[in-house]
Amino acid sequence: MRLWSPTFCVFAILVGCSGGGEGANPTRDQSSTPVKGQSTLKKLGTEDVKVGDGPVAAKTGDMIWVWYTGKLANGNIFDTHEKPDAPVGFPLAEGGLIEGWIKGIPGMKAGGVRKLSIPASLAYKEQGQGEKVPPNSDLYFTITLAYVVESGKEKVYDFKDLKPGTGPEAQKGKKVSVLYSAYTLNGDKVIDLTDRSKPDSFTIGKGEVIQGLEYGVIGMKKGGKRSLMLPPDAAFGPNGSPPRIPENTPLRFEVELVDVK
């Protein structure tokens, strides 16, 4: 199953992309003409500007979502994908990324910001990449890690109780009524079902709603509020829910349990 959007051709990091990174909205100094690079870096450099506080550290093989900006040694930005755009998601794996990213990102946690200084030998080597990255160019990235899904745990979600309830407890087989809203990683609200006159109702275990919401309310008590962080496979999966929720989108749900029967 493909876990990243085919519409994203992330110019700076995906091996084999061409045409200037159309999905990443690259920018650069149009008045400057790139010249042939001359690599000066001897090894990969990493600097943590901010240490993340996410629950897991990224490792090779995981699915990650990031914002980033890439520069050449002369300071020209050759590719960028930053807020307010949603972060780009892809597997942290060989065959799809430059080696500098595969070696430089592991260990980061969600919320972390890291600078990478990547020698040409771990980037595009003597070939370069199109018009924007000359041959033999060292690359400099600032990367913000938004979210990590561990390999083999694609349906595992995180939750945090915001307010404990005091009424009956939601369990498998129970019919529950809930109010909720859902947000993408960049904070866009894509679902708003918070009208108290029209709560959403479903029976836990019957597959009437997405899996992460269905099982994410188990253990809540009437009147309680919970935050759920759902990976794509526990939300709307590879197809998303057009037009507001793209394919393979992680979602944060804010849920209130209104009733249990």
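Residues numbered from 1 in each chain as written. Predicted model: local features only at pLDDT ≥ 70, side-chain atom pairs only at ≥ 80, totals over all residues. Heavy atoms only, no water.

## A look at the confidence of the model for the protein
Line of reasoning, step 1. The pLDDT averaged across the protein works out to 88; a share of 86% of its residues lies at or above 70.
Line of reasoning, step 2. Residue range residues 1-12 is modelled with pLDDT below 50. Its contacts to residues more than four positions away, or to other chains, number 41 contacts.
Line of reasoning, step 3. In the model, residues 16-35 has pLDDT below 50 throughout and makes 39 contacts with residues more than four positions away in sequence or in other chains. (pLDDT = per-residue confidence, 0-100. Contact = heavy atoms within 4.5 Å.)

## A word on the pattern of salt bridges
Close approach of charged atoms allows side chains with opposite charge to pair.
Line of reasoning, step 1. Under the definition given, this model contains 10 salt bridges.
Line of reasoning, step 2. Among the salt bridges present, the one from K59 reaches D62, with a minimum N-O distance of 3.1 Å.
Line of reasoning, step 3. One network of salt bridges, with partners in common, ties together K59, D62, E150 and K153. (Salt bridge = Lys/Arg side-chain N within 4 Å of Asp/Glu carboxyl O.)

## A few points about the side chain of D62
Line of reasoning, step 1. For D62, the location among the structural elements is in the loop between β1 (45-50) and β2 (63-71).
Line of reasoning, step 2. There is a polar contact of 3.0 Å between the side chain of D62 and the backbone nitrogen of K59.
Line of reasoning, step 3. Apart from residues lying up to four places away in sequence, D62 is in contact with A57, F90, P91, L92, V148, V149, E150 and S151. (Helix = DSSP H or I, 4+ residues; strand = E, 2+ residues; numbered from the N terminus. Polar contact = N/O pair within 3.5 Å; in protein donor to acceptor, adjacent residues only side chain to side chain.)

## Quick look at the side chain of E214
Line of reasoning, step 1. Along the chain, E214 falls in helix α2 (residues 211-216).
Line of reasoning, step 2. Although E214 lies buried, it forms no salt bridge, and the closest oppositely charged side chain, K172, sits 7.7 Å away as judged by the N-O distance.
Line of reasoning, step 3. Only 3.0 Å separates the side chain of E214 from the backbone nitrogen of G207, close enough to count as a polar contact.
Line of reasoning, step 4. Once residues within four sequence positions are removed from consideration, E214 is found in contact with F202, T203, I204, G205, K206, G207, E208 and V209. (Buried < 20%, exposed > 50% of the residue type's maximum accessible area, 1.4 Å probe, protein only. Lys, Arg positive; Asp, Glu negative; His and termini not counted.)

## Some points on unusual backbone geometry
Line of reasoning, step 1. With an omega of 10°, the peptide bond running from K83 to P84 counts as cis.
Line of reasoning, step 2. Its place among the elements puts P84 in the loop between β3 (77-81) and β4 (88-91).
Line of reasoning, step 3. Of note, the amide linkage connecting P242 to P243 takes the cis form, showing an omega dihedral of 5°.
Line of reasoning, step 4. Inspection of the secondary structure puts P243 in the loop between β11 (225-230) and β12 (251-260).
Line of reasoning, step 5. Phi at K125 is positive, roughly 50°, even though this residue is not glycine.

## Here's the deal with the packing of aromatic side chains
Line of reasoning, step 1. Counted by the stated rule, this structure contains seven aromatic pairs.
Line of reasoning, step 2. Judged by centre distance (5.7 Å) and plane angle (50°), the ring pair of Y180 and F253 falls under tilted. Taken together, the positions of Y180 in strand β8 (residues 175-183) and F253 in strand β12 put the pair 73 residues apart, joining distant regions of the chain. For the pair Y180 and F253, one class covers both residues: buried.
Line of reasoning, step 3. The structure contains a cluster of three or more aromatic residues connected by ring pairs, namely Y68, F78, F90, W101 and F141. (Phe/Tyr/Trp six-rings, centres within 6.5 Å; stacked < 30°, edge-to-face > 60°.)

## Concerning the pairing of β3
Line of reasoning, step 1. Counting buried positions over the five residues of β3 gives four, a clear majority of the element.
Line of reasoning, step 2. As judged from the four bridges shared by β2 and β3, these two strands associate in the antiparallel manner. By the bridge assignment, K71 is partnered in β3 with I77.
Line of reasoning, step 3. As consecutive antiparallel partners, β2 and β3 are separated by five residues, and within that stretch G75 has a phi angle of approximately 95°, a positive value. (Pairing = 2+ DSSP bridges.)

## Comments concerning the nonpolar core
Line of reasoning, step 1. In this structure, I64, W101, I118, L139 and F141 are the most contacted members of the largest nonpolar core, which totals 26 residues.
Line of reasoning, step 2. Listed by contribution, the elements that provide at least two residues to this core are β2, β4, α1 (99-104), β5 (113-118) and β6 (139-149).
Line of reasoning, step 3. Leaving out residues up to four positions away in the same chain, I64 has contacts with A58, V88, G89, F90, L92, I105, L145, Y147 and V148.
Line of reasoning, step 4. Within the second largest apolar cluster, 24 residues are counted, among which are A170, F202, L257 and V260. (Core = buried A, V, L, I, M, F, W, Y, C linked by side-chain atoms within 4.5 Å.)

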